[in-house]
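Chain by chain, the residues:
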Amino acid sequence: ASLETFCYPLFYGWFPHHTFRDQLEGLAKDFLKTLDSLEAFKKHISDFTPKGEEVVNLEQYFQHTGPLHCTTKFCDYGNAPGAKEYIESQIVQQRYGSVTELELPALFLTPRTLGVRVALTLEQLQLWPSDAEAGTTLPRGSRGHITLGCAQGVEPVQTGVDLLQILQLQQQGREGEAVGDLEQGQLTYYGDGVWVLTLRESRVGPALFSSFHC
Ligand code: ACK
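Being a predicted model, the structure only gives us computed values, none of them experimental.

**Considerations on the confidence of the model for the protein**
- Here the protein shows a mean pLDDT of 95. Residues at 70 or above account for 100%.
- Complex prediction metrics read pTM 0.97 and ipTM 0.99.

**Concerning the site of the ligand**
- Near the ligand you find Phe-11, His-69, Thr-71, Phe-74, Arg-143, His-145, Thr-147, Pro-156 and Val-157, and these make up its full shell.
- In this structure, His-145 approaches the ligand through a side-chain N or O atom, which is 3.1 Å from an oxygen atom.
- Note that an oxygen atom of the ligand is positioned 3.5 Å from one of the backbone N or O atoms of Val-157.
- Here the ligand, which alone exposes 450 Å², has 74% of that area covered by the protein.
- If you map the ligand onto the pockets, it falls in the largest pocket.
- Counting residues per element, the ones that place at least two in the shell around the ligand are strand E2 (70-74) and strand E5 (145-150).
- Counted by class, the shell around the ligand contains four nonpolar, four polar and one charged residues.

About the criteria used
Residue positions within a chain follow its written sequence, with the count starting from 1. In keeping with the model being predicted, local features are shown solely for residues with a pLDDT of at least 70 and side-chain atom pairs are shown and tallied solely at 80 or more, while totals for entire chains, interfaces and linings include all residues. Side-chain descriptors were evaluated using all non-hydrogen atoms of the structure, hydrogens and water having been removed beforehand. By definition, pLDDT measures how confident the predictor is in each residue, and it falls between 0 and 100. Here a residue is considered near a molecule or strand provided that any single heavy atom belonging to it is located within 4 Å of it. Here a polar contact means two N or O atoms within 3.5 Å. Within protein one must be a hydrogen donor candidate and the other an acceptor candidate, and residues neighboring in sequence count only if both atoms are side-chain atoms. Under the convention used here, a 1.4 Å probe and the Shrake-Rupley method define accessible areas, while residue burial counts only the protein chains that appear. The way it works is a 1 Å grid over only the protein atoms, where trapped points that fit a 1.4 Å probe form a cavity and open points with protein on both sides within 12 Å along at least five of seven lines form a pocket, and then any residue with an atom within 4 Å of a point lines it. The way we define it, a molecule is inside a pocket or cavity when more than half of its atoms are within 2 Å of that pocket's grid points. Helix and strand definitions here come from DSSP, where helices need a minimum of 4 consecutive H or I residues and strands a minimum of 2 consecutive E residues; each element is numbered from the N-terminal end. Ten residue types, Ala, Val, Leu, Ile, Met, Phe, Trp, Tyr, Cys and Pro, are classed as nonpolar, four, Asp, Glu, Lys and Arg, as charged, and the remainder, Gly among them, as polar.

Right under this line is the structure:
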């Protein structure tokens with residue numbers, strides 16, 4: 001194999017600029033703090049504590065390592081289906097190293113993952129793999145997200161899976177329980193520990209299209 005093939009990345013994605021990243025981490029922190037203090041959340045705390053503890057420290061519950069990013073294509077160093085085609089495609093080569101604006105309309109939280117949804121533009125969708133929403137009837141790009149944290153023992157791939165499940169519930173007309181108007185937006189509970197905060201104003205910020213190798 002050529003040296004280039006040898007260096008295929010783990011994934012491609014958009015990496016928020018560090019100032020935007022700090023803003024997102026602050027947003028997530030505030031969200032968890034607010035949830036922690038809500039009676040409606042305490043009422044459903046058993047979703048997060050199968051053993052029946054009464055207190056959960058959400059900031060410890062969700063852990064994150066590595067750079068914050070919105071995965072476009074998971075390549076698994078070239079082993080994932082379609083990785084080679086993606087890496088070698090003209091659009092990926094062209095856009096590599098370019099900056100784009102990400103729009104983030106909502107935060108979501110489940111007993112497994114904490115994430116923020118990314119609403120992709122048509123231009124950004126050109127970098128989106130065709131199989132990301134496979135097995136659903138959701139529009140392309142639906143899976144777009146940034147993982148902000150995972151529960152112990154949960155792999156980050158779960159965040160996209162959780163998001164697709166939430167969007168499928170919404171697609172089926174499940175309205176969820178409108179829990180409250182928070183300062184940051186509208187909070188909805190969908191059952192089974194699934195919470196969505198639709199932001200009053202989408203967060204928008206710059207991100208670099210690049211790859212991650214470690
Ligand atoms: O949080 P994420 O989007 O979910 O970012 C990480 C990144 O790749 C490195 O693990 C994502 N990821 C892992 N496996 C897959 C997969 N099979 N399909 C799509 N994304 C994946 C993970």
